[in-house]
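Structure assessment
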Amino acid sequence: MPEGGLHFDAAIALGAFRFEADFTVSAGETLALVGPSGAGKTTALELVAGLLRPDRGRIACGGEAWCDTAGGVHRSPEERHVGLVFQDYALFPHLTVRENVAYGPRARGRTRAAAGASASGWLERLGLGGLEDRRLDGLSGGQRQRVALARALASEPRALLLDEPFGALDVATRGSVRSQLRAFLAGCGLPTLLVAHDPVDAFALGDRVAVLEQGGLTQVGTHEELLAHPRGAFVAELAGLNLFRADVSGGRGLKEARAGAVAFHVLADERTGTSFLVFAPSDVALAREPRPGSPQNVFPGRVVEVQPLPDRLRVVLDVGVTMAADVTREAGASLGLAPGIALWASVKATAIRVYG
Amino acid sequence: MASAERPPAALWLASSVLVVYITLPLAALLLVLPPGELLEHLRSPMALRALWLSVKTTLVATLLAVLLGTPLAYLLARFSFRGRDVLDTLVDLPITIPPVVAGVALLLAFGRRGLLGRHLDVLGASVAFTTVAVVMAQLLIASPFFVKAARAGFESVDTRLEAAARTLGASPWRVFWTVTVPLARPALLSGVVLAWARALSEFGATMMFAGNFPGRTQTLTLAVMTALESDLETAVAVSALSLGLALVALVAAKRMAGRWSVPRA
C-alpha cells in the first residue's frame, strides 16, 4: 500500500442501485473515474468523503483507516481531512472569497488572522490575488472553480476529490483551465480522484483512468491501454469500435468464437475461453446479396439505424448481435440504405482482434 | 406571472367591493377619534398596563417559540422518519383549531385539576389564570408560525453547502451556525415577526386559560373587550394601537421575506 496513498475497497446498495469498486491512488497520482451517467461516479466520491456509509468495505488514506466496516470504524467527513470540490463548487454565497477559502482552517481551530493569511496565500498561488474581499456574484466560472480548489486545499487535505471540474464551465474556458489544472495537480503531491463525464477530460487529467459502468469497474489503465484494448461497451464506443464478449473455442488457426447468437471466425492461436473480440466499423463490408469471396464472417441482418458522420455513414445492424458498419455515402446510396432493409455484413477474420 | 397589460375596468370594479369592505372598518378605527384624543386614552392606566403586559408576555413567548421551535423545524426540514407526517400535522393543529378550544385544552392539561396541573397544584404551583398562563397560551398559538417559516428557511438552504462545510472540517453544530442559519436568516426573522404578531393578537386561548385580570392577564386584546363595556374611547384607542402594531409586523415580515433570495454562488 503506497504511503500517503488512497486505498478504496467498498460496496453499497442504494435502493435498486448497487455499487462496488476496488482501486488505489498513489500520492501525487490522479485517477480519473469515467463512465455513463448513473454509473456511480459521484457515489464513489461521496463514499471517500464520508458523506455516504458503505455497506461493507475499507477506505484508507495515508495508512489511516477512514472507514472499515469489519472493524466498526467510520470517520465522519470533518475528521477525514479530504478536499472535495463539487461540480457546481458549493461556494458559500454569504461569505467573501477569502472567507470561503479560510472556512476550512477556521473550522479546524485556527484564529481568524491565521486562517485569513493562509487563505490569501492559496488565492495568490492560484492566481486569484486581489479578489479576496469580493463577493461571489461577480466572478467568472473559471475563477469560481479556482476559489473552490483553493478552499479545498487550504484545509490541508490528505486526498483531493474533484467532481466534474469542467461541468460548470463553457467550452471556451474549458481548454485553458484543463491544462492549468493538470499542471497544478501534478505539483500537488496528493492522491487525487477525479470524476469526469467527458472521456476527453479524463484522458487529459488522469494518470490512469478507471471506467465505471452500472456500479462496477470494467477497466482500469492508462488511456493508451484503454483505447488499445477496450474491455467494456463504454470505452469501445469511445474508441469507435465494435466490441463483443465471446467464447473462443480451443485449437489453432481459424476458429470459432460464439458471441451470443452469432458465431465469428477468428484467428487466435493463443486464446481460448472467454475473450473480447474487437474490430472497427470500417472493417465491415455490406452487400445486398451474399457474395463469394475471402471473408470468413458473413452474416445476414437488418438495418436498425443509419447515422450520418462527417465523411461517411455509420450503419447500425442487427445480425443476431448489434454491429456497426461504416460505408461511404456513395455506397450507401447504391445500397438503398434505410432502416429495416435486409443486408449481408462481412468481416475479415484478419481484422478481428482477440484478447482476454 | 404578472401581466404587463393594464387591468380591464371590469376587473377593477369587481375587486373594489372586497377592497372597500376591508378598508372601511380599518379606516373607521383610525378616523373615529382625533389623534390627540387617541394618544390621551392610550395613556390611561388600563391601556398602559395592558400594553406593558402584552409586550412582556409576547417577547417571552416568542423567545420560547424560537428556542423550542428551531430544533423541531430543523428536524422536519432535514430528516425523514416514521411519523413525520403526523408530527407535521401536529405542528399545524394549533393554527386550525379555534383558539377558545385551545384555551379549554390548556385548562384540561394544566388547570388545577388538569392532567399535569393536579401534580403542580400539589407542589403549590398553579399556572392557570396567572401571567405564566398568558405566555403559555401565546406560545401554543404562535409557535407553529415560527416553526413553519423556519422549516421553509432551512429547506431552502442547499444541503450541498452543508456537506461542503463538513468536508472542510466543520462539525454539524458548527455547520448549523456558520452556514445554515446565516442562509436561512430572512425566513427565520420573518417567522419571528409572524409569531410575535400572532401572540400579540391572541384572545380566545388567553381568555379561557389565563382569564381577564387587569395587570396580571389582561393583554391589549382582552383590554379592548373589557373597555368596550365602559369606556368606548379607550377601546378604540387600544384597537387602533393594535392595528398599528399589526401593520408594522406585516411590513417587517414582508421586507424580510423579500430578501429571501440569497445570491446563489
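Scroll up for the structure.
Below is a short write-up of the structure.

Here is what the cut-offs are and how they apply
- Residues numbered from 1 in each chain as written.
- Chains lettered and ligands numbered in written order.
- Predicted model: local features only at pLDDT ≥ 70, side-chain atom pairs only at ≥ 80, totals over all residues.
- Heavy atoms only, no water.
- 1 Å grid on protein atoms, 1.4 Å probe; cavity = no way out; pocket = protein on both sides within 12 Å on 5 of 7 lines; lining within 4 Å.
- Points joined across faces, edges and corners; volume = space filled by probe spheres on them.
- Helix = DSSP H or I, 4+ residues; strand = E, 2+ residues; numbered from the N terminus.
- Nonpolar A, V, L, I, M, F, W, Y, C, P; charged D, E, K, R; others polar.
- Contact = heavy atoms within 4.5 Å.
- Buried area = accessible area lost by both parts, 1.4 Å probe.
- Salt bridge = Lys/Arg side-chain N within 4 Å of Asp/Glu carboxyl O.
- Polar contact = N/O pair within 3.5 Å; in protein donor to acceptor, adjacent residues only side chain to side chain.
- Core = buried A, V, L, I, M, F, W, Y, C linked by side-chain atoms within 4.5 Å.
- Buried < 20%, exposed > 50% of the residue type's maximum accessible area, 1.4 Å probe, protein only.
- Phe/Tyr/Trp six-rings, centres within 6.5 Å; stacked < 30°, edge-to-face > 60°.
- Lys NZ or Arg CZ within 6 Å of the ring centre and 35° of its normal.
- Pairing = 2+ DSSP bridges.
- Axes fitted to C-alpha atoms, helices over the stretch in contact; angles between N-to-C directions.

Quick look at empty space enclosed by the protein
Over the atoms rolls a probe the size of a water molecule, and its path tells where empty space is left. Counted under the stated rule, the structure contains two cavities of 30 Å³ or more. Of the voids in this model, the largest cavity is the one considered here, and its volume is about 50 Å³. As for the largest cavity, its lining consists of T42, L45, E46, L51, L84, F86 and D163 of chain A together with R160 of chain B. Sorting elements by how many residues they give to the lining of the largest cavity places helix α1 (residues 41–49) of chain A first, with three residues. Approximately 40 Å³ is the volume found for the second largest cavity. When contributions to the lining of the second largest cavity are tallied by element, the ones reaching two or more residues are β7 (82–85) and α5 (141–154) of chain A together with α8 (159–167) of chain B. With three residues, α5 of chain A is the single largest residue contributor to the lining of the second largest cavity. Residues belonging to the lining of the second largest cavity are distributed by class as follows: seven nonpolar, one polar and one charged.

Here's the deal with unusual backbone geometry
If you check the backbone angles, Y89 of chain A has positive phi at about 75 degrees while not being a glycine. Along the chain, the position of Y89 of chain A falls in the loop between β7 and α3 (97–107). Here the phi dihedral of F129 of chain B falls at roughly 65 degrees; this positive angle occurs in a residue that is not glycine. Within the secondary structure, F129 of chain B is located in the loop between α6 (117–122) and α7 (131–155).

Re the interface of chain B and chain A
At the junction of the two partners, chain B supplies 22 residues and chain A supplies 26 residues. Across the chain B to chain A interface the summed buried area is about 2,000 Å²; carbon plus sulfur atoms make up 62%. Summed over the shared surface of chain B and chain A, the result is two salt bridges. For D88 of chain A, the salt bridge goes to R160 of chain B, with nearest N and O atoms at 2.9 Å. Scanning the region where chain B abuts chain A turns up four residue pairs in polar contact (both at pLDDT 80 or more).

Quick look at the nonpolar core
Ranked by internal contacts, the top residues of the largest apolar core, which has 60 residues, are F8, Y103 and L193 of chain A. If one sorts the elements of this core by residue count, helix α9 (residues 172–200) of chain B sits on top with nine residues. Dropping the residues within four chain positions of it, F8 of chain A is found in contact with F19, A21, D22, F23, A44, L47, V48, R58 and I59 of chain A.

Brief notes about the pattern of salt bridges
Enumeration over the complete set of coordinates arrives at 19 salt bridges over all chains. The partner of R151 of chain B in a salt bridge is E155 of chain B, and the shortest N-O contact between them spans 3.0 Å. Here R151 of chain B pairs with E155 of chain B, and both are found in helix α7, just four residues apart, close to one helical turn. The class for R151 of chain B is buried, based on a relative accessible area of 17%. Relative accessible area serves as the criterion here: at 41%, E155 of chain B is assigned to the partly exposed category. Where salt bridges share partners, they join D311, R312, R314 and D326 of chain A into one cluster.

A look at the layout of surface pockets
Residues and elements named next belong to chain B. If you add up the space inside the largest pocket, you get close to 780 Å³. In terms of lining, the largest pocket is formed by 32 residues, of which the most central are Y74, E162, P172, V175 and F176. For the lining of the largest pocket, the secondary structure elements donating two or more residues are α3 (45–78), α7, α8 and α9. Broken down by element, the residue count for the lining of the largest pocket peaks at 10 residues, all from α9. For the lining of the largest pocket, the class distribution of residues is 21 nonpolar, four polar and seven charged.

Regarding the packing of aromatic side chains
For the structure on display, the rule yields 16 aromatic pairs over all chains. Measuring from ring centre to ring centre gives 6.4 Å for Y74 of chain B and F79 of chain B, while their planes differ by 70 degrees; the resulting arrangement is edge-to-face. Given the relative accessible area of 44%, F79 of chain B is considered partly exposed. Sitting over the ring of W122 of chain A, R125 of chain A keeps its end group 4.2 Å from the ring centre. In this arrangement the basic side chain of R151 of chain A is found over the ring face of F92 of chain A, its NZ or CZ atom lying 4.5 Å from the centre.

Re the sheet that holds strand β13 (residues 254–259) of chain A
All names here are of chain A. Taken in spatial order, the five strands line up as β14-β13-β12-β15-β21 in an open sheet, and their pairing is antiparallel. Of all the strands in the sheet, just β14 (262–267) and β21 (353–355) have a single pairing partner and so form its edges. Strand-to-strand twist in this sheet, taken as the mean axis angle between neighbours without regard to direction, amounts to 40 degrees. As defined by bridge partners, strand β12 (residues 242–248) adjoins strand β15 (residues 273–279) across seven bridges and the pair is classed as antiparallel. Paired with D247 across the bridge in β15 is T274.

Remarks on the pairing of strand β18 (residues 313–318) of chain A
Residue and element names in this part refer to chain A. Examined bridge by bridge, strand β17 (residues 297–308) and β18 share six bridges and lie antiparallel to one another. Bridging across to β18, V303 finds its partner in L317. With six bridges joining them, β18 and strand β19 (residues 322–327) adopt antiparallel strand pairing. The residue bridging V315 from the neighbouring strand is A325, located in β19. Counting the residues in the hairpin turn of β18 and β19 gives three residues, including G320, whose phi is positive at 110 degrees.

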